[in-house]
Amino acid sequence: MASTAYTEVWQDARLLAFTPAQVASPLAKRPYDLRHAAVSLWLNAGVSAPNVAGHSVDVLLRVYAKCIDGQQEIANKRTGDALAA
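Reading the values: rules and limits
Residues numbered from 1 in each chain as written. Predicted model: local features only at pLDDT ≥ 70, side-chain atom pairs only at ≥ 80, totals over all residues. Heavy atoms only, no water. Helix = DSSP H or I, 4+ residues; strand = E, 2+ residues; numbered from the N terminus. Buried < 20%, exposed > 50% of the residue type's maximum accessible area, 1.4 Å probe, protein only. Lys, Arg positive; Asp, Glu negative; His and termini not counted. Salt bridge = Lys/Arg side-chain N within 4 Å of Asp/Glu carboxyl O. Expected span 1.5 Å × (residues − 1). Arc of directions from axis to C-beta. Contact = heavy atoms within 4.5 Å.

Caption draft 1: Structural context of the side chain of R14. Locating R14 in the fold gives a position in helix α1 (residues 3-17). The buried charged residue R14 lacks any salt bridge, with D33 as its nearest oppositely charged partner at 6.8 Å.

Rendered as structure tokens:
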């Protein structure tokens, strides 16, 4: 199947699933955007970078480090727990 066919179906699905404002936004503009959403979710859920990476961890962290948020408290607790063990 040609990639243009996927794009056409994807755009039609966005029209059916999203509000007009969402369709006008960059939200899930391309099927590949689902990867970005999944990787951001996994990293923020605490899944380790080597388990998430579909390519090198270096590339993963260079691209997605800006998506990781709110984990300082968890990291501090884990560090404290490790030191206490």
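Caption draft 2: Geometry of the environment of L41. Tracing the backbone shows L41 in helix α3 (residues 33-44). A C-alpha to C-alpha distance of 8.8 Å links L41 and I68, two positions 27 residues apart in sequence.

Caption draft 3: Structural context of α3. End to end, α3 covers 17 Å across 12 residues, agreeing with the expected 16 Å (1.5 Å per residue, within 8%). Those residues of α3 that sit buried are D33, V39, S40 and L43. Mapping the buried residues of α3 onto a view down its axis gives an arc of 120°, with all of them on the same face. Next to the buried residues of α3 lie α4 (49-52) and α5 (57-64).

Caption draft 4: Representation of the pattern of salt bridges. For the structure on display, the rule yields three salt bridges. The salt bridge involving K77 is made with D81; its shortest N-O contact spans 2.8 Å. With K77 and D81 both in helix α6 (residues 72-84) and four residues apart, the pair spans about one turn of that helix. Here K77 falls in the exposed class, since its relative accessible area comes to 54%.

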